[in-house]
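# Breakdown of the fold
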Amino acid sequence: MTSDGASPKDLQRDLGELADATDFSGVVSVVRGRRRIVELARGFADRANGRPNTIDTRFGIASTTKGLTALTVASLIESDELRGETTLRSLLGDALPMVDPGVTIEQLLGHTSGVGDYLDENTFEGDIDDYVMPLPVHRLAAPGDYLPILDGFPHKTPPGTTFAYNNGGYVMLSIAVEIASGRSFYDLVRERVLEPAGMVDTEFCRSDRLPAGAAIGYLADGRSNVLHLPVRGAGDGGAYSTLHDLEILWQSLFAGRILPIPIVERLVEPRSNDPSEGRRYGLGFWLRPDRPTPMLEGMDAGVSCRTVYDRPSGLTYTVISNTSSGAWPLVRDLDERLPGLA
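Here we summarise the structure given alongside this text. In this numbering scheme, every chain counts its residues from 1 along its sequence in written order. In view of the model being predicted, local features appear only for residues whose pLDDT reaches at least 70, and side-chain atom pairs are presented and counted only at 80 or more, with totals across whole chains, interfaces and linings using the full set of residues. To obtain the side-chain values, all non-hydrogen atoms of the structure were included, while hydrogens and water were left out.

Turning our eyes to something else, we now look at the overall build of the protein. Where helices and strands are cited, they refer to DSSP runs of H or I of at least four residues and of E of at least two residues respectively, numbered from the N terminus. Looking only at helices and strands, the protein has 10 helices and 12 strands in total. Radius of gyration (C-alpha) of the protein: 19 Å, near the 20 Å computed for a compact globule of 342 residues. Projected onto its principal axes, the C-alpha positions of the protein cover 60 × 45 × 35 Å. Two residues form a contact once any of their heavy atoms are found within 4.5 Å. Taking as baseline every contact in the protein between residues at least 6 positions apart, the subset at least 24 positions apart corresponds to 67%. Each accessible area is a Shrake-Rupley result for a 1.4 Å probe, and residues are judged covered by the shown protein chains and nothing else. Of the roughly 13800 Å² of accessible surface on the protein, a fraction of 50% belongs to carbon and sulfur atoms. Under this rule, positive means Lys or Arg and negative means Asp or Glu; His and the chain ends count for nothing. Working definition for charges: the position is that of NZ of Lys, CZ of Arg, CG of Asp or CD of Glu. Between the centroid of the 33 positive side chains of the protein and the centroid of its 47 negative side chains there is a distance of 4 Å. This radius of gyration counts C-alpha atoms alone. The globule rule is 2.2 Å times how many residues there are, raised to the power 0.38.

So this is what it looks like as structure tokens:
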């Protein structure tokens, strides 16, 4: 029984009815510790071949990936291969000349760098399904490939002064860690985050070579998203994961298996307010305004995802959809229920 009197059976029923009413395609879970309170899957991972989504399906997670990037950067800082005050310019040299020389790694993590953004969600007014990358997507297969689309955007605010959610800044972080370490960003994420956490089904898959069991992302008109997203993601998004792996991420993070707990606490400490979203931000993690509850979320063409960990109660809930906005009705319902669920 949850604290508002609802039984797990009632919650499963209510969420199932909402999923059916909204034609939800994806997966949902509510978990406390090792106890799974709710688990459901709806829709198709591959519509043409009638392959259904299951609890074990891998989905694109869009900007939820930023949490993995932040943890990778924090790991390099913890091992003294990078510093929060390191400037991006000291690593990039002459690349991206419009970036202010004072921009630091920590400012990029906290979205206070002020760098111009190739996909500025604060000014983008169109349907996300209509957004098209400025380069052919097959050419975007590694962080360094993104340099041409990051270039040419004027710096917007002085470094360290203003919070503005920034996709390009997180691509810059993935480029920075490759330069600082001499290693592939994808290898760093795997070795420093995924393997310590035990996230065995999370990786940066190529959209033109998805592994068995992965969901195809779909636009509202029924087309796949393969022509709308980079063929392989970078620091701002593009990883694929599962319900189970995102649950393990929270468990491992707050058990100190990825980073020492004092560093984790710094990442989830509120640093900025975002009035437009009604919530707070740390370094790589969103935070509820009313509770110590870190969140990761993402939305892109054919992808929507949010995963939440309520620290006071130990409750985790995750919604992943292989449509652009399919996750949000269930996310809103769970967000409203949280105080009672906890």
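Another point: the packing of helix α2 (residues 65-78) against helix α7 (residues 185-197). Working convention: axes come from line fits to C-alpha atoms, limited for helices to the stretch in contact. Angles between N-to-C directions cover 0 to 180 degrees. Interaxial distance between α2 and α7 falls to 9 Å at its minimum, and their mutual angle equals 80°. As judged from the angle between their axes, α2 and α7 are roughly perpendicular. On the side of α2, the interface is formed by L68, T69, L71, T72, S75 and L76, while α7 contributes F185, L188, V189, R192, V193 and L194. Any residue outside Ala, Val, Leu, Ile, Met, Phe, Trp, Tyr, Cys, Pro, Asp, Glu, Lys and Arg is labelled polar, Gly included; the first ten of those are nonpolar and the last four are charged. Looking at the contact of α2 with α7 residue by residue, the class counts come to 8 nonpolar, 3 polar and 1 charged. An angle below 35 degrees is read as roughly parallel, one above 145 as roughly antiparallel, one from 65 to 115 as roughly perpendicular, and any other as oblique.

Take the packing of aromatic side chains next. Classification of ring pairs uses Phe, Tyr and Trp, with its six-membered ring standing for Trp, and accepts pairs whose centres are within 6.5 Å; under 30 degrees between planes counts as stacked, over 60 as edge-to-face, and the remaining range as tilted. Per the stated rule, a full pass over the model turns up 11 aromatic pairs. Ring geometry for F163 versus Y281: centroids 5.5 Å apart, planes at 45°, classification tilted. Here Y281 lies in strand β8 (residues 279-281) and F163 lies in the loop between α5 (147-150) and α6 (167-181), a separation of 118 residues in the sequence. A connected cluster of aromatic rings, assembled from ring pairs, spans F163, Y165, Y281 and W286. Two limits define a charge over a ring: the Lys NZ or Arg CZ must be within 6 Å of the ring centre, and within 35 degrees of the ring normal. For the cation-ring pair, R232 lies above Y186, with the distance from its terminal atom to the ring centre recorded as 3.7 Å.

V30 and L71 are the most contacted members of the largest nonpolar core, which has 95 residues in total. Not counting chain neighbours up to four residues away, the residues in contact with L71 comprise V193, L249, L253, I258, L259, L267 and F285. Note on terminology: a nonpolar core comprises buried Ala, Val, Leu, Ile, Met, Phe, Trp, Tyr and Cys residues joined through side-chain atoms within 4.5 Å. Burial classification: accessible surface area is computed with a 1.4 Å probe over protein chains only, and a residue below 20% of its type maximum counts as buried, one above 50% as exposed, and the rest as partly exposed. Residues A62, L219, L229 and V303 belong to the second largest nonpolar core, which totals 5 residues.

Moving on: α2. Helix length check: α2 (14 residues) gives 20 Å between terminal C-alpha atoms against 20 Å at 1.5 Å per residue, within 8%. Burial runs high along α2: 12 of the 14 residues are buried. Taken together, the buried positions of α2 are occupied by T65, K66, G67, L68, T69, A70, L71, T72, V73, A74, S75 and L76. The inward-facing, buried residues of α2 contact α4 (105-109), α6, α7, α8 (243-253), α9 (261-267) and β10 (294-300). At the C-terminal side of α2, D80 shows a positive phi close to 65°. Any helix carries an expected span of 1.5 Å times its number of residues minus one.

Glancing now at the pattern of salt bridges. What counts as a salt bridge is simple: a side-chain nitrogen of Lys or Arg found within 4 Å of a carboxyl oxygen of Asp or Glu. Under the criterion given, the structure shown has 27 salt bridges. A salt bridge links D201 to R58, with the shortest nitrogen-to-oxygen separation between them at 3.6 Å. Here the residue D201 occupies a position in the loop between α7 and β6 (240-241), and R58 occupies one in the loop between β4 (51-52) and β5 (59-60), the gap between them amounting to 143 residues. With a relative accessible area of 29%, D201 lands in the partly exposed category. Here R58 falls in the buried class, since its relative accessible area comes to 14%. One salt bridge in this structure joins D221 and R223, with 2.8 Å as the shortest N-O distance. Classification of R223 by relative accessible area gives partly exposed; the value is 43%. Connected through shared salt-bridge partners, D10, R13, D14, D333 and R337 make up one network.

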